[in-house]
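Examination of the molecular architecture
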Amino acid sequence: METYRPRRSVLYIPASNDKALAKIAQLACDAVIIDLEDAVAPADKITAREKLASIFAGHPVASHIGRRCEMIVRINAISSEWGADDLLAAACCEPDGILLPKVDTPRDLLEAGDVLDDNFVPDSVKLWAMIETPKALLNIGAIAELGRDPASRLNCFVAGTNDLVKETGILATPDRRYLVPWLMQMVLAARAGGIDMLDGVSNDFRDLDAFTHECAEAAAMGFDGKSLIHPAQIEAANRAFAPSMEAVAEARSVKEAFALPENAGKGVIALNGRMVERLHLAQAEKLLAKAAAIGS
C-alpha cells in the first residue's frame, strides 16, 4: 500500500521562471508543477525543457516544514510540436509525476505510459491528466477507470477550468454555477477510479477572500486539493483541504470504538447515539492518515 500523499496545494511554476524556481524549498505547498505548457511562451519552450535536468538536480526538495514537496512536470500536448520531446525529457528527470494536458481519451494516457515503459522509466513516475476538454468530460468514466490498473500509472486528475470555459462558451461567474455540474462529474469519476482530484486555478490571486471561499466549496464537493498560480494562495488551500480538529477527533473515536474487544468482528456498532458501520471506519482511517501526513 502506497503512503498517503496530501495534495492540498499544488502550485504551477513556469520552467522559465528562475526566480520562482529558486524558492521551491521555501514553499509550504504539498506539490509543485514545473510547467512547460501554458506558462511558457512558444519561443521559450525548448529552452525551458532543456532546464529540466538542472531543476531536478537537487531533487528531492524538502519544504521548510521538512516534508518533501512532490515534483510534477506538465508537458505540452503530445500532439504539439514539443510534446514528444517534453515527455522524454521529463521522464529522464524521474519526477513524481508527469501531467498530460488535453487528455481526451484513455488512449492518450496509455500511449504516454507506453513511452515511459519502453524507456524503462520507474513505476514511481506517475501520470496526471488535465480534464479540460468537452471530449474528456464525455469520456471521463473510461479515463478514470485506468486508475484501477497500476500499469497505467494514472494517479491524479486536474481540472482545467479555464480551458473548459473557453471551449464550451459558458459564462465564468464568481460562484462557478455553470462549471459545478462538470466539477462534480470529475470528482465522481476520480473516486470511481481511485485517484486524486484537484480543482482548477483561481485567476485573481489578489482576492484571497474569494479564493478562500472557492477552496471551501471545492473541499465540500470532495476535491483533494487545488491547483494554484501564486504562492499567496498556499496557506488558504492548505487550511481548506486539511481535516479539522473536530473531524480528526471524531475519526479517532470511531477507530478506537471498533478496536474494542467487544466490537471485534462487528459490522455495525453504536457510538454516541448513532449507528456506525465499517465503511465509516474506512473513512476514519483515511482521514487520520491524511492528518498524520500533513502533521495536523
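Here, the structure is the one placed above.
Residues numbered from 1 in each chain as written. Predicted model: local features only at pLDDT ≥ 70, side-chain atom pairs only at ≥ 80, totals over all residues. Heavy atoms only, no water.

1. What about the overall build of the protein?
Scanning the protein for helices and strands turns up 13 helices and 11 strands. The C-alpha radius of gyration computed for the protein amounts to 20 Å, which stays within 12% of the reference 19 Å derived for 296 residues, consistent with globular compactness. Seen through its principal axes, the protein has C-alpha atoms that stretch 65 × 45 × 40 Å. With 296 residues in all, the protein has 48% of them scored as buried. Once local pairs closer than 6 in sequence are excluded, the contacts in the protein between residues at least 24 apart make up 69%. Per element, the accessible surface of the protein, about 14,300 Å² overall, is 56% carbon and sulfur. For the protein, the centre of its 31 positive side-chain charges and the centre of its 42 negative side-chain charges are spaced 4 Å apart. (Helix = DSSP H or I, 4+ residues; strand = E, 2+ residues; numbered from the N terminus. Rg over C-alpha atoms; globule rule 2.2 N^0.38 Å. Buried < 20%, exposed > 50% of the residue type's maximum accessible area, 1.4 Å probe, protein only. Contact = heavy atoms within 4.5 Å. Areas by Shrake-Rupley, 256 points an atom, 1.4 Å probe, with all protein chains shown as cover. Lys, Arg positive; Asp, Glu negative; His and termini not counted. Charge placed at Lys NZ, Arg CZ, Asp CG, Glu CD.)

2. Brief notes about helix α9 (residues 180-193)
For the α-helix, the turn length of 3.6 residues means that residues three or four positions removed from each other point alike. When the terminal C-alpha atoms of α9 are compared, their 20 Å separation across 14 residues agrees well with the 20 Å that a helix rising 1.5 Å per residue should span. Turning to α9, its buried residues number three or more, namely Leu 183, Met 186, Val 187, Ala 189, Ala 190 and Gly 193. Considered in projection along α9, the buried side chains sweep an arc of 165 degrees and stay on one side of the axis. (Expected span 1.5 Å × (residues − 1). Arc of directions from axis to C-beta.)

3. Some points on the environment of Gly 160
Here Gly 160 lies in the loop between β7 (154-159) and α8 (161-168). Owing to a relative accessible area of 5%, Gly 160 belongs among the buried residues under this scheme. Along the backbone, Gly 160 and Arg 191 are 31 residues apart, and their C-alpha atoms lie at a distance of 18 Å. Gly 160 has contacts with Met 130, Ile 131 and Glu 132, leaving out every residue within four places of it along the chain.

4. With respect to the pairing of strand β6 (residues 126-131)
Burial runs high along β6: six of the six residues are buried. Residues Lys 126, Trp 128 and Met 130 of β6 are buried on one face, and the alternating residues Leu 127, Ala 129 and Ile 131, pointing to the opposite face, are buried as well. By the bridge criterion, four bridges tie strand β5 (residues 97-100) to β6 in an arrangement that is parallel. Residue Leu 100 lies in a different strand from β6, and its bridge partner there is Ala 129. For the crossover that starts at β5, traverses helix α5 (residues 106-118) and ends in the parallel β6, the hand is right-handed. Direction of pairing for β6 relative to β7: parallel, over a ladder of five bridges. (Pairing = 2+ DSSP bridges. Right-handed = clockwise from strand over helix to strand, strands pointing away.)

5. Topic: the packing of aromatic side chains
Per the stated rule, a full pass over the model turns up zero aromatic pairs. It is Lys 45 that lies over the ring of Trp 82; its NZ or CZ is 5.2 Å from the centre. (Phe/Tyr/Trp six-rings, centres within 6.5 Å; stacked < 30°, edge-to-face > 60°. Lys NZ or Arg CZ within 6 Å of the ring centre and 35° of its normal.)

6. Observations regarding the pairing of strand β9 (residues 225-228)
Of the strand pairs in this sheet, strand β1 (residues 9-14) and β9 are connected by three bridges, and their pairing is parallel. Its bridge partner lying in β9, Ser 9 is registered against Lys 226. The pairing of strand β8 (residues 196-199) with β9 spans two bridges and is parallel. Note that in β9 the partner of Leu 198 across the bridge is Gly 225.

7. Regarding the packing of helix α12 (residues 245-259) against helix α13 (residues 278-294)
For the pair α12 and α13, interaxial distance at closest approach is 8 Å and the crossing angle is 130 degrees. The angle between α12 and α13 places the two elements in the oblique class. Pair α12 / α13 crosses with left-handed handedness. Note on element contacts: α13 touches α12 through Arg 278, His 280, Leu 281, Ala 284, Leu 287, Leu 288 and Ala 291, opposite Ala 247, Val 248, Ala 251, Arg 252, Val 254, Lys 255 and Phe 258. In terms of residue class, the contact of α12 with α13 is made up of 10 nonpolar, one polar and three charged. (Axes fitted to C-alpha atoms, helices over the stretch in contact; angles between N-to-C directions. Parallel < 35°, antiparallel > 145°, perpendicular 65-115°, else oblique. Left-handed = near helix turned anticlockwise from the far one by under 90°. Nonpolar A, V, L, I, M, F, W, Y, C, P; charged D, E, K, R; others polar.)

8. Observations regarding unusual backbone geometry
Phi at Glu 94 is positive, roughly 50 degrees, even though this residue is not glycine. Along the polypeptide, Glu 94 turns up in the loop between α4 (83-93) and β5. At Arg 176, a residue that is not glycine, the phi angle is positive and equals roughly 60 degrees. Structurally, Arg 176 is set in the loop between α8 and α9.

9. A few points about the side chain of Asp 196
Looking at the secondary structure, you find Asp 196 in strand β8. The residues contacting Asp 196, other than those within four sequence positions of it, are Arg 5, Arg 7, Asn 155, Cys 156, Phe 157, Ala 190, Arg 191 and Asp 224.

10. A few points about helix α10 (residues 208-221)
Here α10 is 14 residues long and its end C-alpha atoms lie 20 Å apart, about the 20 Å a rise of 1.5 Å per residue gives. On the buried face of α10, the contacting elements are α9, β8, β9 and α11 (234-240). Positioned one or two residues after α10, Gly 222 has a phi angle of 105 degrees, which is positive.

So, to be careful, I would describe these as geometric facts and stop short of saying anything about function.
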